[in-house]
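For reference, the chains in residue letters:
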Amino acid sequence: SAVRGTLGAMGAVNCTSCAASDKDTQLVFDLQSHFAPVFEPPFDPLNVLSEDLFDDKVMAERLPSSVVQRFKECLITGAPTTEEDMTVIADMMFAWARERGAIDFSHWFFPMRGGGGAVGGMLGAYKQDTLIDLEFASKFTTKPMKATLPSDRLFQGETDGSSFPNGGLRVTHSAAAFTTWDRSSPPFVLNKTLYIPCAFITHFGKCIDEKTPLLRSMDAVKKEGLRLLKASGLGKDVQTIYSYLGWEQEFFVIKAEHYKARPDLVNTGRTLFGKLPTRHQQGDLNYFAPVPGNVQLLLDRVQAVMLRLGCPMAVKHNEVAPGQHEMSPVFRVANVSCDTNVLFMEVMNREAAKMGLQVLFHEKPFAGINGSGKHANWSVGTDTGLNFFYPGKTEEGAKLFVTGIACLAYGLSQHNELVRCSVATAGNDHRLGAQEAPPAIISLYPGQGFEKYVDSVIAGGDLLGYKAEKKKQATGCSQADPIEANVEDRNRTAPFPFCGNRFEFRAVGSSQNCNLPVMVCNAIMASGMAHLADLIEGGLSHRDAVAKMFKENKHVVFTGNGYSGEWKQEAAKRGLPNLNTTPKALSTWNSDKNKALFEKLGIYTKEETEARQEVMLENYITSLKIEAETMIQMVDTAIVPACAKDLKKTPFVNKKFADTRKAAYEAILTETTKLKTQLANHADTVEILEKEATFLCDVLKPQMEKVRGTVDRAEGLMDADLYPYPSYETMLYSHHFEEPPMKAF
């Protein structure tokens, strides 16, 4: 009766459509009235676009026009905001944030954490400060509080710099570091906190973050780009130049309970053991297939949150591997886009946790199937609408397009190793060159038609000789219109392919902060701009200078199959390096050529360049040592005991049958012992980071693969009930067949 009373209160009704007795009364629930998806977006995101973003539109609507005008001028000139304007802006931002329920504010910055991928979404840093201060003008000894956002605390903050990766630029006894608002990246309100995107520098002005070098590189592109436009006679009304980014974030989604049951995923971000299910991605069944119900709810909810925060999330779909998905926004100014990618990863983790799911951002969480990247669609344009990477419909646009690609070819040729370094991480090593992502050889794909045009320019042809014509292709059926094909085909095997109005840096890893790769793109582009301007200012015509740059750097242009073995041989003939591991790549970061480039462009000092290399090497070393230690722990505490239990089940069966298992299980002990010895004996390498990284890569990592091979073979023999961890099949598929969570309200 108690149950009936509860159900009756919920709206349950007696079933009268069958001959059930009172004792066997059936209860029917009005599901539509009383049950609904827990996590369905609580609002229509298209009705609240950018509702919680303090952007240019909000400033124009709520601030005096004179303040807005001066603020915009400061962004172009770099002049500091006046104290009077700081107060006006802070007061208005406080009122706006309080309208959205903000109680705290945070300076949100981006330490050099690298792309370890252990959890993902840990690239940003902040502390929460309450939106209060004391009434210092009060006559009372105990000063009363007031709700406010002091202007000095909006524009600048202070924290400890020694506890973040810094490459020796900060130590405990000299630790002060400061955050300063990136005035071109709009603040936003999330979870009752006003987030203020910031740069992060030391007491002596050294950068120890990801954002500051990117901002400096954007200034370099602006400076050298304006100089080039003036020298070439193009874009005479241009006042400033921007770099843009549109990212494509790939990731896996699994159940949180499976994630927590795998020490390798928790500690390293990837599975160190695991046998593929017989069906994985070989049937091409997952790509663009319907998204599983509970994952669809997750993607919808994240999309809604991001749209409200002003990030134009535009695409979501299934990726190639089972359990793999992608979301991406419309492009934006590079620093803002980089900020929103970090925000996206944080929001994904937060929303997934609410649904009992876990998002994996590691580049290779599952062996044997596709890993995840973060394709960076990058471009450079002017405030007047000119695009250095779009052929345009005018002669000026066409000349700028050819000029832009000449600059990019120069940058990729002369600073090839630097570009490779920007995507060098322990996780990305599993992905680059693995027939699913671009090779570790950095080349430029401008299109086959453009490659032929380059030859004509070198031979004396006009800069206007490239015909950027889109062609109609018939479908062969009356029901569908002909398609308009792009000017050039796409090349998914290229690390730097042309995509119509941008170049897509396809080698960026999924767990990375976009700041570093985009900074390097900007740096090499600015280098090309500066070199071309030098040639023109030195007396060469615009045409001849472009031709000279193409002739000297054409070896970096490749329009063939980057996955082929022949390309490796051809690249070597061309002098293009194949830095196929992170230690090999990072050994080139600190070259005199790179230091000179960064110093000339004002991106890094010599000291900052050296510190960055140290941080990247430390990140690589830490990642591999954690993986090795986790692997040993999993073998000792779970795999070996499971093997022992399985052997106990087979003492009286056919000897040959039992011996097969015994030999396989003993191989685990043999190879794991070798791994333990190698890990213990690598101490003589630790004083030199490059030496230690090389040892871990060339000696320890191959031994880890041997251990993995023995464990994965054992998984295929062992009683499935004894295997101590969730299997690949369970992790990749189980959540696909569950209904979205439902809850009464």
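For the structure itself, consult the block above.
What counts as what
- Residues numbered from 1 in each chain as written.
- Predicted model: local features only at pLDDT ≥ 70, side-chain atom pairs only at ≥ 80, totals over all residues.
- Heavy atoms only, no water.
- Helix = DSSP H or I, 4+ residues; strand = E, 2+ residues; numbered from the N terminus.
- Rg over C-alpha atoms; globule rule 2.2 N^0.38 Å.
- Buried < 20%, exposed > 50% of the residue type's maximum accessible area, 1.4 Å probe, protein only.
- Contact = heavy atoms within 4.5 Å.
- Areas by Shrake-Rupley, 256 points an atom, 1.4 Å probe, with all protein chains shown as cover.
- Lys, Arg positive; Asp, Glu negative; His and termini not counted.
- Charge placed at Lys NZ, Arg CZ, Asp CG, Glu CD.
- Phe/Tyr/Trp six-rings, centres within 6.5 Å; stacked < 30°, edge-to-face > 60°.
- Axes fitted to C-alpha atoms, helices over the stretch in contact; angles between N-to-C directions.
- Parallel < 35°, antiparallel > 145°, perpendicular 65-115°, else oblique.
- Core = buried A, V, L, I, M, F, W, Y, C linked by side-chain atoms within 4.5 Å.
- Disulfide = S-S within 2.5 Å.
- Pairing = 2+ DSSP bridges.

Notes on the overall build of the chain
Line of reasoning, step 1. When its secondary structure is counted, the chain shows 23 helices and 21 strands.
Line of reasoning, step 2. Scaling as 2.2 N^0.38, a compact globule of 745 residues should have a C-alpha radius of gyration of about 27 Å, and the chain matches this with 29 Å.
Line of reasoning, step 3. Projected onto its principal axes, the C-alpha coordinates of the chain cover approximately 95 × 75 × 75 Å.
Line of reasoning, step 4. Buried residues in the chain amount to 54% of all 745 residues.
Line of reasoning, step 5. Contacts in the chain between residues far apart in sequence, at least 24 positions, make up 74% of those at least 6 positions apart.
Line of reasoning, step 6. Working note: accessible area of the chain is about 32300 Å², and carbon and sulfur atoms make up 52% of it.
Line of reasoning, step 7. Positive and negative side-chain charges in the chain, numbering 81 and 89 respectively, have mean positions lying 2 Å apart.

Some thoughts on the packing of aromatic side chains
Line of reasoning, step 1. Within the structure shown, the criterion is met by 37 aromatic pairs.
Line of reasoning, step 2. Ring plane angle 45° and centroid distance 5.5 Å describe the contact between Trp 589 and Phe 598, whose orientation is recorded as tilted. Both residues of the pair, Trp 589 and Phe 598, count as buried.
Line of reasoning, step 3. Linked through ring pairs, Trp 378, Phe 389, Phe 401, Phe 450, Tyr 453, Tyr 466, Phe 496, Phe 498, Phe 503, Phe 505 and Phe 550 together constitute an aromatic cluster.

Some thoughts on the packing of helix α15 (residues 515-537) against helix α19 (residues 592-601)
Line of reasoning, step 1. At a minimum axis distance of 11 Å, the contact between α15 and α19 shows a crossing angle of 80°. Classified by the angle their axes make, α15 and α19 are roughly perpendicular. Facing α15, whose interface residues are Met 519, Ala 523, Ala 526, Ser 527, Ala 530 and Asp 534, α19 presents Leu 597, Phe 598, Lys 600 and Leu 601.

Some points on the nonpolar core
Line of reasoning, step 1. Grouped together as the largest cluster of nonpolar side chains are 153 residues, with contacts concentrated most on Phe 344, Met 348, Leu 408, Leu 444 and Phe 496.
Line of reasoning, step 2. Filtering out sequence-adjacent residues up to four positions away, Leu 408 remains in contact with Trp 378, Phe 389, Leu 444, Phe 496, Phe 503, Ile 524 and Met 525.
Line of reasoning, step 3. In terms of nonpolar packing, the next biggest core, distinct from the first, is built from 35 residues, Ile 89, Met 93, Phe 164 and Ile 196 among them.

Concerning the environment of Ser 443
Line of reasoning, step 1. Following the sequence through the fold, Ser 443 ends up in the loop between α13 (416-421) and α14 (448-458).
Line of reasoning, step 2. The exposure class assigned to Ser 443 is buried, which follows from its relative accessible area of 2%.
Line of reasoning, step 3. With 255 residues separating them along the chain, Ser 443 and Asp 698 place their C-alpha atoms 26 Å apart.
Line of reasoning, step 4. Beyond its immediate chain neighbours, meaning those up to four positions away, Ser 443 contacts Pro 495, Phe 496, Val 556, Phe 558 and Trp 567.

Here we look at the state of the cysteines
Line of reasoning, step 1. Going through the model one piece at a time under the given rule, you end up with zero disulfides.
Line of reasoning, step 2. Left unpaired, Cys 198 is separated from the closest cysteine sulfur, that of Cys 207, by 15 Å.

A closer look at the pairing of strand β14 (residues 324-329)
Line of reasoning, step 1. With six of six residues buried, β14 is to be regarded as a mostly interior element.
Line of reasoning, step 2. Side chains of β14 alternate between two faces, with Gln 324, Glu 326 and Ser 328 and His 325, Met 327 and Pro 329 buried alike.
Line of reasoning, step 3. Pairing of strand β12 (residues 241-255) with β14 involves four bridges; the strand directions are antiparallel. Along β14, the bridge assignment pairs Phe 252 with Gln 324.

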